[in-house]
Amino acid sequence: MSVIDEVLAANEIYSRTHELRKLTPRPERRLAVLTCMDTRLSIRTLGLRTGDAHVIRNAGGIVTEDALRSLVVSHYLLGTEEIMVINHTDCGLMHTTEQDLRTRIQNRTGKAAAAPASFYTFQNVEENVRRQLQKLRAHPWIPESVAVRGFVYDVTSGRLREIKDA
Ligand SMILES: [Zn+2]
């Protein structure tokens, strides 16, 4: 049995009660979180429940074109008023470089590829958070009325630390 088959079996059981049925598509607490796909981060870490917030995830917790698209939809269509950007210690993207990663994958596949254009690797997690905040604040469609704050999540202590602007 593959993991996907296990998930399908679990979903069959879930659907008998479907306790999240009453949720609306609008985040109850009007919060959008942009964070890494890392397994160690979850809504539990943030004291959130399903339905409270939009959680937008990608490798690194990077303000990419697509993350921006989601955040704009989140605010204008679904009413979120605060944005949290969370990067974390021990991120996979800190342990490599663009060139390293590209070479490693090319060696494994024997093929070159144009996309993704960037993996958004980084060395300094605080600096990386600041860069994401700058990208958001500079965007004409993220209004000043929307609170935008950045954090580093320490995977060892389980604590969030706020990163103030440079
Ligand atoms: Zn990560």
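First, a word on scope: everything that follows refers to the structure included in this document. Fair warning: this is a prediction, and the values are worked out from it, not measured in the lab. (Residues numbered from 1 in each chain as written. Predicted model: local features only at pLDDT ≥ 70, side-chain atom pairs only at ≥ 80, totals over all residues. Heavy atoms only, no water.)

### Looking at the overall build of the protein
So, step 1. Along the protein, the regular secondary structure elements total four helices and five strands.
So, step 2. The helix and strand sequence of the protein, counted from the amino end, reads α-β-β-α-β-α-α-β-β.
So, step 3. For the protein, the C-alpha atoms occupy an extent of roughly 50 × 50 × 35 Å along the three principal directions.
So, step 4. Counting over 166 residues, the protein shows a buried share of 34%.
So, step 5. Of the contacts formed within the protein by residues at least 6 apart in sequence, a portion of 63% connects residues at least 24 apart.
So, step 6. Carbon and sulfur atoms make up 53% of the accessible area of the protein, which amounts to about 10900 Å² in all.
So, step 7. The positive charge centre, built from 23 side chains, and the negative charge centre, built from 20, are 1 Å apart in the protein. (Helix = DSSP H or I, 4+ residues; strand = E, 2+ residues; numbered from the N terminus. Buried < 20%, exposed > 50% of the residue type's maximum accessible area, 1.4 Å probe, protein only. Contact = heavy atoms within 4.5 Å. Areas by Shrake-Rupley, 256 points an atom, 1.4 Å probe, with all protein chains shown as cover. Lys, Arg positive; Asp, Glu negative; His and termini not counted. Charge placed at Lys NZ, Arg CZ, Asp CG, Glu CD.)

### Observations concerning the pattern of salt bridges
So, step 1. Applying the stated criterion across every chain, the model contains nine salt bridges.
So, step 2. One salt bridge connects Glu 12 with Arg 16, and the closest N-O pair in it is separated by 3.8 Å.
So, step 3. For Glu 12, a relative accessible area of 43% corresponds to the partly exposed category.
So, step 4. Note that Arg 161 and Glu 126 form a salt bridge whose closest N and O atoms lie 3.2 Å from each other. Of this pair, Arg 161 sits in strand S5 (residues 160-163) while Glu 126 sits in helix H4 (residues 125-137); the two residues are 35 residues apart in sequence, bridging distant segments of the chain. (Salt bridge = Lys/Arg side-chain N within 4 Å of Asp/Glu carboxyl O.)

### Side note on the nonpolar core
So, step 1. Ranked by size, the top nonpolar core spans 32 residues in total, and within it Leu 71, Ile 83, Ile 86, Leu 136, Ile 142 and Val 148 carry the most contacts.
So, step 2. Mapped by element, the contributors of at least two residues to this core are strand S1 (31-36), strand S2 (53-58), helix H2 (65-76), strand S3 (82-88), H4 and strand S4 (147-153).
So, step 3. Here this core takes five residues from S1, the largest share from any one element.
So, step 4. For Ile 142, the residues in contact, after removing those within four places along its chain, are Leu 68, Val 72, Ile 83, Leu 136 and Val 148. (Core = buried A, V, L, I, M, F, W, Y, C linked by side-chain atoms within 4.5 Å.)

### A look at the coordination of the zinc ion
So, step 1. For the zinc ion, the full set of protein donor atoms is Cys 36 (SG), His 88 (NE2) and Cys 91 (SG), at a range of 2.0 to 2.3 Å.
So, step 2. Look at where the donors of the zinc ion fall in the sequence and you get C-x51-H-x2-C. (Donors = N, O, S within 2.8 Å, 3.2 Å for Na, K, Ca; no water.)

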